[in-house]
Amino acid sequence: MTGGKIRDLARACGFELAGVAAAAPHADAAWYRQWTGLGYAGEMRYLTDRRAGVRDDPRNLLPSARSLICVGKLYNTPWPYSTAFDEPQLAWISRYAWGDDYHEVLRAGLERLAGLLREHAGDFQWRACVDTAPLLERSYARAAGLGWIGRNTCLINQGSGSWFFLGELLVSLEIAPDAPPPDRCGTCTRCIDACPTQAIVPAAGGTRYTIDSRLCISYFTIELRGGIPEPERPAVGPHVFGCDICQDVCPWNRRAPSTGDPAFAPRHFAPDLARLAALSEAGFRDLFRHTPVTRSRYAGFLRNVAIAMGNAKLECFRAPLERLAESPDAMVAEHARWALGRL
Ligand code: SF4
Ligand code: SF4
């Protein structure tokens, strides 16, 4: 089985990018430990608990694994970037969360790929992984030739940019690995300069950069369960779920292609903040059912909506914020009071 054949089969399963890496420890494992050791994972315990050690070797996930087939699925759509967006009454949701939950879409594609491989290579063992598995997926995707890891820490493909979901098929087949491409960030620092919270920081002991999650808007609005630190709230701007700025400004995304997959078409592009603030918990679940947005949970989402309203500084948000300030959830109420103070 050649890399070219793998790419053909992956394309037939809806993956624009595919390549092969050896199922062996990756040098980035030490770098990852340093990253968590510095506290950059914030409160994301799933990155630092016992699963951290599993990341040392993909064979911890499938002992018979010999190769990783790394795939990328484009999710870009022809809608504007957040950096071209200036509608204070509307909310910004990160591009990756506009459509269906990618976990299910990618898993279905990987299972199909395993089936096609079996037709060509006979019986073998496999395991499909989509970002929930403890695996250094960007590092292996780079090793498999899918792209380089940019200063914004995203995997960037020279021809297609960085709007990709990554997935992996661990297989017991021995397949010749691909080679990583060169780093093409050059002297560019656009993502570092554009980050509203200066979350992209130099990694210790090198020219590489990393993200201090404790400063990142994506972390605040998706992962953090408690209150968002007050000094950071103004920089959150209109973001109610995630942040795309460091990808929007990347020159490699200037001509990024769009997907034709209807799964990732926006269901609610830039929804109205007042509408979001009025959602009941059931209404929140209904509106964002089967999209990644439910990860923030209802209270976290209302917290984000309150901050975005405070940052919009529109008088028309006074009444909805006063209602949120009466929320039985103390965190939501506190963020709404903070936002009222900004009007
Ligand atoms: S996602 Fe936003 S806040 Fe986080 S590093 Fe990128 S630009 Fe900065
Ligand atoms: S904006 Fe520039 S430095 Fe940042 S990832 Fe893109 S090319 Fe690299």
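This structure is a prediction, so every number in the text was calculated from the model and none was measured.

I tried to follow the site of ligand 2 on my own but got confused; where do I start?
Lining the immediate surroundings of ligand 2 are Gly150, Arg151, Asn152, Ile156, Cys185, Cys188, Arg190, Cys191, Cys250, Pro251 and Trp252. Considered class by class, the residues forming the shell around ligand 2 number seven nonpolar, two polar and two charged.

So what exactly am I meant to see when it comes to the side chain of threonine 221 here?
Residue position: threonine 221 is located in helix 7 (residues 217-223). Among all residues touching threonine 221, those that are not within four sequence positions of it are Val236, His239, Val240, Phe241, Gly242, Ser296, Arg303 and Asn304.

Even after reading the chapter, I still don't get the packing of aromatic side chains, so can you show me in this structure?
Given two aromatic rings, their pairing is described by the distance between the two centres and the angle made by the two planes. The tally for this structure, following the rule as stated, stands at 20 aromatic pairs. Between tryptophan 92 and tryptophan 98, the ring centres sit 5.7 Å apart and the planes meet at 75°, which makes this aromatic pair edge-to-face. Tryptophan 98 carries the same exposure label as tryptophan 92, and that label is buried. Plain terms: the ring middles of phenylalanine 284 and phenylalanine 301 are 5.1 Å apart, the flat faces sit at 40° to each other, and that makes the pair tilted. Of the two residues, phenylalanine 284 is situated in helix 11 (residues 281-287) and phenylalanine 301 in helix 12 (residues 298-312); the sequence distance between them amounts to 17 residues. Here the two residues phenylalanine 284 and phenylalanine 301 agree in accessibility, since each one is buried. These aromatic residues form a ring-pair network of at least three members: Tyr75, Tyr81, Tyr96, Tyr102, Trp163, Phe165, Phe241 and Phe264. Between arginine 118 and the ring centre of phenylalanine 124, over which it is positioned, the NZ or CZ distance is 5.4 Å. The residue whose ring lies beneath arginine 208 is tryptophan 31, and the NZ or CZ to ring-centre distance is 3.9 Å.

Help me understand the nonpolar core in this model?
Taken as a class, soluble globular proteins show a tendency for nonpolar side chains to be buried jointly. With 116 residues, the main nonpolar core has Ile69, Leu113, Leu169, Val240, Leu276, Phe288 and Leu321 as its most contacted residues. Beyond its immediate sequence surroundings of up to four residues, leucine 169 is in contact with Ser67, Leu68, Ile69, Leu110, Leu113, Ala114, Leu117, Trp126, Arg127 and Ala128.

Could you clarify how one ought to interpret the pattern of salt bridges in this entry?
It is possible for side chains bearing opposite charge to pair when their charged atoms get close. One pass over the structure, following the stated rule, counts 14 salt bridges. Between arginine 289 and aspartate 286 there is a salt bridge; the shortest N-O distance is 2.4 Å. Its relative accessible area of 40% is what places arginine 289 among the partly exposed residues.

Teacher, can you tell me more about the site of ligand 1 here?
Inspection of the region around ligand 1 gives Cys195, Pro196, Thr197, Ala199, Ile200, Ile211, Cys216, Ile217, Ser218, Cys243, Ile245 and Cys246 as its neighbouring residues. For the shell around ligand 1, the secondary-structure elements that each account for two or more residues are helix 7 and helix 9 (245-248). When the residues that make up the shell around ligand 1 are grouped by side-chain class, the tally is 10 nonpolar, two polar and no charged.

Which parts of the structure should I look at to understand the side chain of serine 327?
The residue serine 327 is located in the loop between helix 13 (318-325) and helix 14 (330-340) in this model. The class of serine 327 is buried, set by a relative accessible area of 18%. Those residues in contact with serine 327, other than ones at most four positions away along the chain, are Val332 and Ala333.

Hey, could you run me through the sheet that holds strand 2 (residues 67-74) in this one?
What the four strands build is an open sheet, ordered 1-2-7-4; its pairing is antiparallel. A single partner strand is all that each edge strand has here, and the edge strands are strand 1 (17-22) and strand 4 (126-130). Taken over all neighbouring pairs, the strand axes of this sheet differ in orientation by 20° on average, direction set aside. Here strand 4 pairs with strand 7 (residues 164-171) via five bridges, running antiparallel. The residue bridging alanine 128 from the neighbouring strand is leucine 169, located in strand 7.

Teacher, can you tell me more about helix 12 here?
Count 3.6 residues to each turn of an α-helix, and residues three or four apart come out pointing the same way. Under the 1.5 Å per step criterion, the end-to-end length of helix 12 is 21 Å for 15 residues, consistent within 8% with the ideal 21 Å. Of all 15 residues that make up helix 12, 13 are buried, and the element is covered over most of its length.

How should unusual backbone geometry be read in this particular structure?
When glycine is set aside, most residues are seen to have a negative phi, and most peptide bonds are trans. One non-glycine residue, alanine 270, adopts positive backbone phi at about 45°. Positive phi, close to 55°, is recorded for lysine 313, a residue that is not glycine. For lysine 313, the location among the structural elements is in the loop between helix 12 and helix 13.

Calculation rules
Residues numbered from 1 in each chain as written. Chains lettered and ligands numbered in written order. Predicted model: local features only at pLDDT ≥ 70, side-chain atom pairs only at ≥ 80, totals over all residues. Heavy atoms only, no water. Near = heavy atom within 4 Å. Nonpolar A, V, L, I, M, F, W, Y, C, P; charged D, E, K, R; others polar. Helix = DSSP H or I, 4+ residues; strand = E, 2+ residues; numbered from the N terminus. Contact = heavy atoms within 4.5 Å. Phe/Tyr/Trp six-rings, centres within 6.5 Å; stacked < 30°, edge-to-face > 60°. Buried < 20%, exposed > 50% of the residue type's maximum accessible area, 1.4 Å probe, protein only. Lys NZ or Arg CZ within 6 Å of the ring centre and 35° of its normal. Core = buried A, V, L, I, M, F, W, Y, C linked by side-chain atoms within 4.5 Å. Salt bridge = Lys/Arg side-chain N within 4 Å of Asp/Glu carboxyl O. Pairing = 2+ DSSP bridges. Axes fitted to C-alpha atoms, helices over the stretch in contact; angles between N-to-C directions. Expected span 1.5 Å × (residues − 1).

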